[in-house]
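# Overview (structure and organization)
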Amino acid sequence: MKRISRDSTTKQVVDVFQSDLKAGRLKIGDKLPSEVELAKMLGIGRSSLREALRVLSVYGIVEARHGEGTFIVDNRAKNFFEMIGFEYNPETMAEFIKFREIIEVGNIVSICGKLKKEQFDELEEYLKVFEDKKPHRVDEYILADIQFHSKLISYSKNKMLIYVNDMISGFRSELLSKIFEYSDVVEDARRAHRHIFEALRKNDLKECISAVINHIDTTLHHVDEEYRITR
């Protein structure tokens, strides 16, 4: 971390953290040095450091854990949704899933007909997890699912879309951990991902849109069953 001047100290500390995260010098899960060490590294007073850490905590970038220290985290989505009054619970899951549909339909429209062989090869690797004859652990299915959809989003090269997708990935993991306990849900995910993949490979835009919407609708159905939600 580079030393910073006294002007606009809080903003500069936030900028340093964001820069180090972007460059990979800081990673999610890293434990920060002690308050004394960190203030010395940055060349600022401890009171200024505390104020900056409070701001970073609000942003969802750091988290103080009693008796353990301060860690780099990614609570951006959680903090953002709390700030606007959105509570992620069984009653609001449908809204979250439909929000995903808007994102993923728009994305599939933007990438259909533009993918190259190496990108299809990447996607095929995530499909293999679902299509293996040997069963996988739930966390492996969750990771493959999130990586499959994140790859699709990344092909848009739209930084805002990628950022929003990253923000909601934690919610998606939590949701999938509830429903991927059931083999029929995993099987539906396998079929849906293969359907999306093949539609993309055929450059069939109408089929791509249909595949994504069917996948989201099926997910919503499974969530309704898991939480016995009626609308």
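Residues numbered from 1 in each chain as written. Predicted model: local features only at pLDDT ≥ 70, side-chain atom pairs only at ≥ 80, totals over all residues. Heavy atoms only, no water.

## Quick look at helix H8 (residues 159-179)
- In this model H8 runs 30 Å from its N-terminal to its C-terminal C-alpha over 21 residues, within 8% of the 30 Å that 1.5 Å per residue would give.
- By the largest-angle criterion, Ser169 marks the main kink of H8, which is about 40°.
- For H8, the set of buried residues is Leu161, Asn165, Met167, Ile168, Phe171, Arg172, Leu175, Leu176 and Ile179.
- Where H8 begins, the capping side chain belongs to Asn158, and its oxygen is found 3.0 Å from the backbone nitrogen of Met160. (Helix = DSSP H or I, 4+ residues; strand = E, 2+ residues; numbered from the N terminus. Expected span 1.5 Å × (residues − 1). Bend = angle between axes of the 7 residues up to and from the residue. Buried < 20%, exposed > 50% of the residue type's maximum accessible area, 1.4 Å probe, protein only. Polar contact = N/O pair within 3.5 Å; in protein donor to acceptor, adjacent residues only side chain to side chain.)

## Here we look at the packing of aromatic side chains
- One pass over the structure, following the stated rule, counts four aromatic pairs.
- Each ring, one from Phe120 and one from Phe197, has its centre 5.5 Å from the other, and the planes form 85°; the classification is edge-to-face. Placement of Phe120 in helix H6 (residues 117-131) and of Phe197 in helix H9 (residues 183-201) is noted, with a sequence separation of 77 residues between them. Taken individually, Phe120 and Phe197 each receive the classification buried, so the pair is uniform in this respect.
- When the ring of Phe130 is compared with that of Phe180, the centres are 6.1 Å apart and the planes differ by 75°; the resulting orientation is edge-to-face. A residue pair is termed long-range when its members are at least 10 positions apart, and Phe130 in helix H6 and Phe180 in the loop between H8 and H9 qualify at 50 residues.
- Exposure remark for Phe130: the relative accessible area of 7% places this residue in the buried category.
- Among the aromatic residues, those joined into a ring-pair cluster are Phe130, Tyr141 and Phe180.
- Positioned above the aromatic ring of Phe71, the side-chain terminus of Arg65 is 4.3 Å from the ring centre. (Phe/Tyr/Trp six-rings, centres within 6.5 Å; stacked < 30°, edge-to-face > 60°. Lys NZ or Arg CZ within 6 Å of the ring centre and 35° of its normal.)

## Re unusual backbone geometry
- Positive phi, normally seen in glycine, also occurs at Lys157, with a value near 60°.
- You can see Lys157 is positioned in the loop between helix H7 (138-154) and H8.
- Taking the relative accessible area as the measure of exposure, Lys157 reaches 66% and is therefore exposed.
- For Asn203, which is not glycine, the phi dihedral falls at a positive 55°.
- Tracing the backbone shows Asn203 in the loop between H9 and helix H10 (205-227).

## Considerations on the environment of Val185
- Here Val185 shows up in helix H9.
- Along the chain, Val185 and Thr219 lie 34 residues apart, while their C-alpha atoms are 8.1 Å from each other.
- Among all residues touching Val185, those that are not within four sequence positions of it are Ile179, Phe180 and His222. (Contact = heavy atoms within 4.5 Å.)

## Regarding the confidence of the model for the chain
- Looking at the chain as a whole, its pLDDT mean stands at 88, while 89% of the residues score no less than 70.
- Within the chain, the lowest mean pLDDT, 68, falls on helix H4 (residues 76-83), and the highest, 97, falls on H9. (pLDDT = per-residue confidence, 0-100.)

## Points about the nonpolar core
- With 44 residues, the main nonpolar core has Phe180, Ile196 and Leu200 as its most contacted residues.
- At the level of secondary structure, the elements contributing two or more residues to this core comprise helix H5 (93-111), H6, H7, H8, H9 and H10.
- Ranked by the residues each element gives to this core, the list is headed by H5, at eight residues.
- Other than its neighbours up to four places away in sequence, Phe180 contacts Phe130, Val138, Tyr141, Ile142, Asp145, Val185, Val186 and Ala189.
- Among the nonpolar cores identified, the runner-up in size contains 17 residues, and Leu38, Ala39, Leu49 and Leu56 belong to it. (Core = buried A, V, L, I, M, F, W, Y, C linked by side-chain atoms within 4.5 Å.)

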